[in-house]
Amino acid sequence: MSIELIAADDLILQSEGFLVSDMDGEKVMLSIENGKYYNLGQIGGRIWELVASHATIAGMVEQLVMEYEIEPDVCEQQVYTFLHQLAAEGLVQVRKQ
């Protein structure tokens, strides 16, 4: 499956059809459609919350750099990697700006 490149100003939206819960500080999800379970972890859960607020990737990185001790370049790379994984699983959709 080919995933298109995500640009910093693209809008990332949560896909529907998932039950999401907090479990010991981590976000866990269950796909209603296929029964697949996902553990997003603590920081992945925070990214999921930022996606819910309709933040761009640039906005997510800016927010995460303020909240965590991480360099902006490293944060950006990790956010892109994580969002590509979410997109590959169909958990998020990318909207070009």
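See the structure printed just above.
Residues numbered from 1 in each chain as written. Predicted model: local features only at pLDDT ≥ 70, side-chain atom pairs only at ≥ 80, totals over all residues. Heavy atoms only, no water.

**Q** Can you help me understand unusual backbone geometry in this one?
**A** What you tend to see is this: most non-glycine residues have negative phi, and most peptide bonds are trans. A positive phi angle, close to 55°, is found at D24, a residue other than glycine. The exposed category is assigned to D24, whose relative accessible area is 81%. A positive phi angle is found at H54, which is not glycine, with a value near 60°. Relative to the assigned elements, H54 resides in the loop between α1 (41–52) and α2 (57–67). (Buried < 20%, exposed > 50% of the residue type's maximum accessible area, 1.4 Å probe, protein only. Helix = DSSP H or I, 4+ residues; strand = E, 2+ residues; numbered from the N terminus.)

**Q** How do you make sense of the packing of aromatic side chains when you look at a structure like this?
**A** Applying the stated criterion across every chain, the model contains one aromatic pair. Pairing F18 with Y38 gives two aromatic rings, centres 6.2 Å apart and planes at 70°, and the pair type is edge-to-face. Of this pair, F18 sits in strand β2 (residues 18–23) while Y38 sits in strand β4 (residues 37–40), and the two are 20 residues apart along the sequence. The buried category is assigned to F18, whose relative accessible area is 18%. (Phe/Tyr/Trp six-rings, centres within 6.5 Å; stacked < 30°, edge-to-face > 60°.)

**Q** Hey, could you run me through the packing of α1 against helix α3 (residues 72–88) in this one?
**A** Helix-helix packing is characterised by the crossing angle of the two axes and by the distance between the axes. Remark: α1 packs on α3, axes separated minimally by 11 Å, with the N-to-C direction vectors making an angle of 75°. Here α1 lies roughly perpendicular to α3, going by the angle between them. Within the contact between the two elements, α1 uses G44, I47, W48 and V51 and α3 uses V79, F82, L83 and L86. In the contact of α1 with α3, the residues fall into seven nonpolar, one polar and no charged. (Axes fitted to C-alpha atoms, helices over the stretch in contact; angles between N-to-C directions. Parallel < 35°, antiparallel > 145°, perpendicular 65-115°, else oblique. Contact = heavy atoms within 4.5 Å. Nonpolar A, V, L, I, M, F, W, Y, C, P; charged D, E, K, R; others polar.)

**Q** Explain α1 to me, please; I cannot follow it from the model alone.
**A** Given 3.6 residues to a turn, an α-helix orients residues that are three or four positions apart in the same direction. For α1, built from twelve residues, the straight-helix expectation of 16 Å at 1.5 Å per residue is met to within 8% by its first-to-last C-alpha distance of 16 Å. Just downstream of α1, H54 is the residue with a positive phi angle, here 60°. (Expected span 1.5 Å × (residues − 1).)

**Q** Can you help me understand α2 in this one?
**A** I57, M60, V61 and L64 are the residues of α2 that are buried. Here the buried residues of α2 occupy an arc of 95° about the axis, which is enough to place them on one side. Summarising the geometry of α2, the exposed residues directed more than 90 degrees from the buried face are E62 and M66. Residues of α2 that are buried make contact with β1 (11–14), α1 and α3. (Arc of directions from axis to C-beta.)

**Q** Explanation requested: the pattern of salt bridges in the structure shown.
**A** Side-chain pairs of opposite charge can arise whenever the charged atoms involved come near each other. Under the definition given, this model contains six salt bridges. Residue E49 is joined to K27 by a salt bridge in which the shortest nitrogen-to-oxygen separation is 3.0 Å. You can see E49 sitting in helix α1 and its partner K27 sitting in strand β3 (residues 26–31), a full 22 residues away along the chain. We classify K27 as buried; its relative accessible area is 10%. Note that R46 and E49 form a salt bridge whose closest N and O atoms lie 3.2 Å from each other. Residue R46 and its partner E49 are located together in helix α1, separated by three residues, close to a single helical turn. Note on E49: relative accessible area 35%, which makes it partly exposed. By sharing partners, the salt bridges in this structure join D22, K27, R46, E49 and E67 into a single network. (Salt bridge = Lys/Arg side-chain N within 4 Å of Asp/Glu carboxyl O.)

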